[in-house]
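Take a look at the letters that make up each chain.
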Amino acid sequence: MGGSFDPVHVGHVRFGTLACGELDKRGTGPTWLALAPAARSPFKAARPAASDADRVHMLRLATEGLPNTRVWTDELDRAAAGEPSYTIDTLRRARQWLDMHGNAGTKLHLLIGADQAAAFHRWREAPEILKLASPLVVGRESVNLERELAGHWDEATMKVWCAGLLQIPELPISSTMVREAIAAGDYERARPWLHPLVLDYIRERHLYHA
């Protein structure tokens, strides 16, 4: 599961853990969740508001103690070395790492939101991504996934997308909402959206202040 995580909120963690639970129910487990913070989305003009180190630390605080969950900094490490950060490269490196460590049979999935799925045809080497990792899509009531995908994929690929649609209740939370509340000094409004340790860290580091 990739994302800016700027900051990580309870919806991110909930989507990840529930998606793993759905895969476990299908008998494909045990399932591991890898959270991969992005250096910068090619579809966003601005860089993340918090530093890479702060975003990684908040992710680790938010997932501390969760079973089978890891924060993977591969994209940030590549960006720090001056390399481009694309999902296709991240998945290729994940596949290579698994194969090298005796996990050649391990299946990769890519967990994304319905809005990301709707624009997926614009992603770098999108068809190759789907060969490397089966998509898992967190649906949104505001997005009709089949309608948004129609015209971009053939019938066989559409079946892959539909098979990966997860029925997880949408949470009306976004990192933008969190940042706006904190910028206004309204920590109480942000409190339900954040792990307590993440909220404490934001306050201690004075992150997202106007």
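As the structure is a computational prediction, the values presented were derived from the model and not from experiment. (Residues numbered from 1 in each chain as written. Predicted model: local features only at pLDDT ≥ 70, side-chain atom pairs only at ≥ 80, totals over all residues. Heavy atoms only, no water.)

1. Brief notes about the overall build of the protein chain
The condition is simple: For helices the rule is a DSSP run of H or I covering at least 4 residues; for strands it is a run of E covering at least 2, with both sets numbered from the N terminus onward. Here the globule rule is a power law, 2.2 Å times the number of residues to the power 0.38, and the radius of gyration is based on C-alpha atoms. The contact criterion used throughout is that any non-hydrogen atoms of two residues lie within 4.5 Å. Calculation of accessible area relied on Shrake-Rupley with a 1.4 Å probe; when residues are assessed, cover is drawn exclusively from the protein chains displayed.
Helix and strand counts for the protein chain stand at eleven helices and six strands. Its C-alpha radius of gyration of 17 Å places the protein chain within 12% of the 17 Å reference for a compact globule of 210 residues. A principal-axis box enclosing the C-alpha atoms of the protein chain has dimensions of 50 × 40 × 35 Å. Within the protein chain, contacts between residues separated by at least 24 positions form 67% of all contacts whose residues are at least 6 apart in sequence. A total accessible area of about 11500 Å² is found for the protein chain, and carbon and sulfur atoms account for 52% of it.

2. Looking at the pattern of salt bridges
In a structure, side chains of opposite charge can pair up when their charged atoms sit close to one another. Rule in force here: Only one rule defines a salt bridge in this text: a Lys or Arg side-chain nitrogen within 4 Å of an Asp or Glu carboxyl oxygen. Here's how the labels work: a residue is buried when its accessible area is under 20% of the maximum for its type, exposed when over 50%, partly exposed in between, all with a 1.4 Å probe on protein chains only.
Using the criterion set out here, one finds twelve salt bridges in the structure. Measuring nitrogen to oxygen at the nearest pair gives 3.4 Å for the salt bridge that ties Glu22 to Lys25. One end of the pair, Glu22, and the other, Lys25, are both in helix 1 (residues 10-25), three residues apart, so they sit about a helical turn from each other. Among the residues examined, Glu22 registers a relative accessible area of 27% and is labelled partly exposed. When salt bridges with common partners are traced through the structure, they connect Asp74, Arg78 and Arg93 into a single cluster.

3. Re the environment of Ser4
Checked against the element boundaries, Ser4 lands in the loop between strand 1 (2-3) and helix 1. You can call Ser4 buried: its relative accessible area is 17%.

4. Considerations on the sheet that holds strand 6 (residues 165-166)
The test is simple: Any two strands with at least two DSSP bridges between them are considered paired.
Read across the sheet, three strands follow the order 4-5-6 without closing on themselves; strand pairing throughout is parallel. Only two strands of the sheet have a single neighbouring strand rather than two, namely strand 4 (109-113) and strand 6. Strand direction decides the pairing type here: strand 4 and strand 5 (residues 134-138), joined by five bridges, are parallel. Its bridge partner being in strand 5, Leu111 is matched across the sheet by Leu136.

5. As for unusual backbone geometry
The residue after Asp6, namely Pro7, is reached through a cis peptide bond having omega 0 degrees. Here Pro7 lies in the loop between strand 1 and helix 1. A positive phi angle, near 50 degrees, is found at Glu125, a position not held by glycine. Secondary-structure assignment places Glu125 in the loop between helix 5 (114-118) and helix 6 (126-132).

6. Observations regarding the packing of helix 2 (residues 52-63) against helix 11 (residues 196-205)
Using the following cut-off: Angles here are taken between N-to-C directions and fall from 0 to 180 degrees, while the axes themselves are lines fitted to C-alpha atoms, restricted in helices to the stretch in contact. In this scheme, roughly parallel covers angles under 35 degrees and roughly antiparallel covers those over 145, while 65 to 115 is roughly perpendicular and the rest are oblique. Side-chain classes are defined by residue name, with Ala, Val, Leu, Ile, Met, Phe, Trp, Tyr, Cys and Pro counting as nonpolar, Asp, Glu, Lys and Arg as charged, and the others, Gly among them, as polar.
Contact geometry for helix 2 and helix 11: axes closest at 8 Å, N-to-C directions at 150 degrees. By the angle class used here, helix 2 and helix 11 are roughly antiparallel. Contacts between helix 2 and helix 11 involve Asp54, His57, Met58, Leu61 and Ala62 from the first element and Leu197, Val198, Tyr201, Ile202 and Arg205 from the second. Class assignment of the residues belonging to the contact of helix 2 with helix 11 gives a composition of seven nonpolar, one polar and two charged.

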